[in-house]
Amino acid sequence: MADNLYARIVQAASDLDRNFILPPGRAPLSYGDAFAAAARFAHVLTRHGVGPGERVAVQVEKSPEGLFLYLACLRLGAIYLPLNSDYTAGELAYFASDAEPSVFVCSDRSREKIAGFFPDERILTLSDDGQSGTLMEEARAAPAEFSDAPMAMGDLAAILYTSGTTGRSKGAMLSHGNLFSNASSLKQAWRYSQSDVLLHALPIFHTHGLFVATNTTLLSSASMIFLPKFNLDAMFAGLPGATVMMGVPTFYTRLLSDARLNRDSTRSIRLFISGSAPLLAETHREWQQRTGHAILERYGMTETNMNTSNPYEAMRLPDSVGLPLPGVELRIAGEDGRPVAPGEIGMIEVRGPNVFSGYWRMPEKTASEFRPDGFFITGDLGTVNADGYVHIVGRGKDLIITGGFNVYPKEVENLIDALPGVEESAVVGLPHGDFGEGVTAFVVAKTGIKLTEDGIMAALSGQLAKFKLPKRVIILAQLPRNTMGKVQKNLMRDEYRGLYAPTS
Ligand code: AMP
């Protein structure tokens, strides 16, 4: 029998009647329901010409059925390509031309938009609640069994696009083996078992909500309370029935701002996990004071899955992302790739079965981000303390993380620079009480032209996913530069660091 991620998921599911998804307002869905839905979707996709190794692009709102589509791709041996539901037509057209999917699954609302650049007969729709649309109509008539493709651990399971430093997104190619090995490590590290219930409020187009949360649950035959979105009332309604919560730091700061957060409302939880962006030590401490729980912080990225985690039993160190997971080799290196002296800051590099095989159709970009000995250069700067705990100190790649999502300044700067009347721009992340960082644009006008914040915001909206849009645009007479002519973003960050007053 073939060994792949789906085969391992089926092996783990000892009882098909166990609940897998608990969607508020709907009947629970069992493992048997999920596998049957995946079989039906796999038949529909096959009928639309999708075969093993082909890509299935998916831009839908979060629903159980949206997730079953991922399982359908695994069964079919197709490559799942989830897309942020915020992406605009221009961005989607790029992904379609780059990944060349065989089928595009979207909401009814965006069908027309997608038909502008993708053959209409290869578009399937799924409603936001997952209950209707052409995919569901066709699936209802399809058989609940499917003969799974004999994929191997080395075959690709998914491509996830990450923002590119040059403005172009790169598709990270992830194999069955990458995903399986990482989820198995996390299951062990976090003591996951079938009695766990995860409170799942993350999006499922990103590595965190899709792979970290879902694959770990699947390989444990556990269940999840599946919220369409993060919402304080829904979170407090879900907490008493859950044993684990995973979130981005923004979830934690928002929950802390609510008086309902206390020991009592978090009593049933055995583990709170944070990742995708830095969790402030202050948040960690405040959380512990209010709830009695020490948040477990972990670190990973789309390309590598999870690399480190604070320990389950030993000390969970605030301000640290913990220790390398079993099987993950991590080193702190200088520009030349040689390890720096213990305790010094350098680039975090990782190697292991969790690390992706490269960027889709970008062999040169891939080659430039791997060392000859197979270590991947993460772009994160960090240090390791005497006990082996990893600290992240900054982002070499100038990434902005807002509400857990990554924004590369260059992509936004390129669009602003192309607007009429703009001389140049610089985009930085400024501390933001709610989002962690707020995308902020500094813009210089061409001589004799008067630009306004509103005008620039209006010109940008519709061109970029909402999370990438600047929260403020500041018009400057000139950008600060050093003697080498380099823009000094640190000066702008310092001067404007109080721009977004803390909201909590
Ligand atoms: P993504 O590919 O969207 O998952 O983003 C990966 C990036 O998020 C990493 O390269 C880090 O810069 C950042 N990141 C993820 N987890 C953490 C964490 N616990 N602390 C600080 N930064 C993090």
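Each remark here, short or long, concerns the structure printed above.
Conventions adopted
In every chain, residue numbers begin from 1 and rise along the written sequence. Restriction of local features to residues with pLDDT of at least 70 applies here, the model being predicted, together with a cutoff of 80 or more for giving and counting side-chain atom pairs; totals for whole chains, interfaces and linings are based on all residues. By convention in this description, side-chain values take in all heavy atoms of the structure and omit both hydrogens and water. Pairs were defined over the aromatic rings of Phe, Tyr and Trp, the Trp ring being its six-membered one, requiring ring centres within 6.5 Å. Orientation was assigned from the angle between planes: stacked under 30 degrees, edge-to-face over 60, tilted for the rest. Secondary structure follows DSSP: runs of H or I at least 4 residues long count as helices, runs of E at least 2 residues long count as strands, and numbering of each begins at the N terminus. Only protein chains enter the accessibility calculation, which uses a 1.4 Å probe; a residue is then buried when its area is under 20% of its type maximum, exposed when over 50%, and partly exposed in between. Sitting over a ring, as applied to charges here, requires NZ of Lys or CZ of Arg to be within 6 Å of the ring centre and within 35 degrees of the ring normal. Paired strands are those between which DSSP finds at least two bridges. Lines fitted to C-alpha atoms define the axes here, with helix axes fitted over just the stretch in contact, and angles between the N-to-C directions of these axes take values from 0 to 180 degrees. Contacts: residue pairs with any heavy atoms within 4.5 Å of one another. The nonpolar core is taken to be a set of buried Ala, Val, Leu, Ile, Met, Phe, Trp, Tyr and Cys residues, with the residues joined through side-chain atoms within 4.5 Å. Where each domain starts and ends follows an automatic or database-derived domain assignment. Think of a 1 Å grid over the protein atoms and nothing else: a 1.4 Å probe that fits but is trapped marks a cavity, an open set flanked by protein within 12 Å on at least five of seven lines marks a pocket, and residues with an atom within 4 Å of a point count as lining. Grid points are joined across faces, edges and corners, and a volume is the space filled by probe spheres set on the points. Note on residue classes: Ala, Val, Leu, Ile, Met, Phe, Trp, Tyr, Cys and Pro are nonpolar, Asp, Glu, Lys and Arg are charged, and everything else, Gly too, is polar. Throughout, the term near means that a residue has one or more heavy atoms lying within 4 Å of the molecule or strand in question. Residues adjacent in sequence count toward polar contacts only when both atoms are side-chain atoms; beyond that, a polar contact is any pair of N or O atoms within 3.5 Å, and within protein one must be able to donate a hydrogen and the other to accept it. For accessible areas, the Shrake-Rupley method is used with a probe of radius 1.4 Å. Any residue's cover is judged against the shown protein chains and nothing else.

J.: Which parts of the structure should I look at to understand the packing of aromatic side chains?
T.: How two aromatic rings sit relative to each other is given by the distance of their centres and the angle of their planes. Tallying each qualifying case throughout the model produces 22 aromatic pairs. Look at Tyr 6 and Phe 35: their rings are 5.7 Å apart centre to centre, the planes differ by 75°, and that puts the pair in the edge-to-face class. Within this pair, whereas Tyr 6 is found in helix 1 (residues 5-12), its partner Phe 35 is found in helix 2 (residues 31-47), the two being separated by 29 residues in sequence. Just as Tyr 6 is buried, Phe 35 falls in that class too. Measuring from centroid to centroid gives 5.3 Å for Phe 370 and Phe 376, while their planes differ by 55°, and the two rings are tilted. An aromatic cluster of three or more residues is present, and its members are Tyr 6, Phe 20, Tyr 31 and Phe 35. Across the ring face of Phe 226, the terminal group of Lys 62 is positioned such that the distance to the ring centre comes to 4.7 Å. The ring of Phe 375 is capped by Arg 331, whose NZ or CZ atom sits 3.7 Å from the centre of that ring.

J.: What is the right way to look at the sheet that holds strand 23 (residues 422-432) in this model?
T.: Strands pair in a sheet through their backbones, by hydrogen bonds, and they do so in one of two ways: parallel or antiparallel. Spatially, 23-24-25 is the arrangement adopted by the three strands of the open sheet, whose pairing is mixed. Each edge of the open sheet carries a strand with a single partner, namely strand 23 and strand 25 (472-476). Neighbouring strand axes in the sheet, compared pairwise and without regard to direction, differ in orientation by 25° on average. Each of strand 23 and strand 24 (436-445) is contacted by helix 13 (residues 409-417), which is oriented at about 145° to strand 23, the strand it contacts most. Along the sheet, helix 14 (residues 453-460) contacts strand 24 and strand 25; its crossing angle with strand 25, the most-contacted strand, is approximately 130°.

J.: Help me understand the nonpolar core, please; the structure alone is not making it clear to me.
T.: Proteins that are soluble and globular tend to have nonpolar side chains buried together. Core analysis: the largest hydrophobic core is formed by 109 residues, its most contacted members being Leu 45, Tyr 70, Leu 71, Val 105 and Trp 190. In terms of residue count, helix 2 provides more of this core than any other element does, ten residues in total. When residues of this core are assigned to domains, at least three fall in each of domain 1 (5-17 + 28-180) and domain 2 (230-395). Residue contacts for Trp 190: discarding those within four places in its chain leaves Val 212, Met 246, Arg 270, Leu 271, Ile 273, Leu 296, Arg 298, Ser 309 and Tyr 312. One finds Leu 83, Ile 114, Ile 456 and Ala 465 within the second-largest nonpolar core, a separate group that totals 39 residues.

J.: Would you mind going over empty space enclosed by the protein with me for this structure?
T.: The gaps of empty space that remain are located by a probe, the size of a water molecule, rolled over the atoms. Per the counting criterion, the structure on display carries one cavity of 30 Å³ or more. The calculated volume of the largest cavity comes to roughly 40 Å³. Among the secondary structure elements, those contributing two or more residues to the lining of the largest cavity are helix 7 (176-189) and helix 8 (207-220). Class assignment for the residues of the lining of the largest cavity results in five nonpolar, four polar and no charged.

J.: How should the site of the ligand be read in this particular structure?
T.: Every one of the 17 residues lining the ligand counts as a neighbour, but His 206, Arg 298, Thr 302, Asp 380 and Asn 406 are closest to it. In this structure, His 206 approaches the ligand through a side-chain N or O atom, which is 2.8 Å from an oxygen atom. Contacts to the ligand include Ser 276, whose backbone N or O atom sits 3.2 Å from a nitrogen atom. In the complex, 95% of the free accessible area of the ligand, which totals 500 Å², lies under the protein chains. At the level of elements, strand 13 (296-301) and strand 20 (390-395) are the ones that each hand at least two residues to the shell around the ligand. By residue number, the principal contributor to the shell around the ligand is strand 13, which donates five residues.

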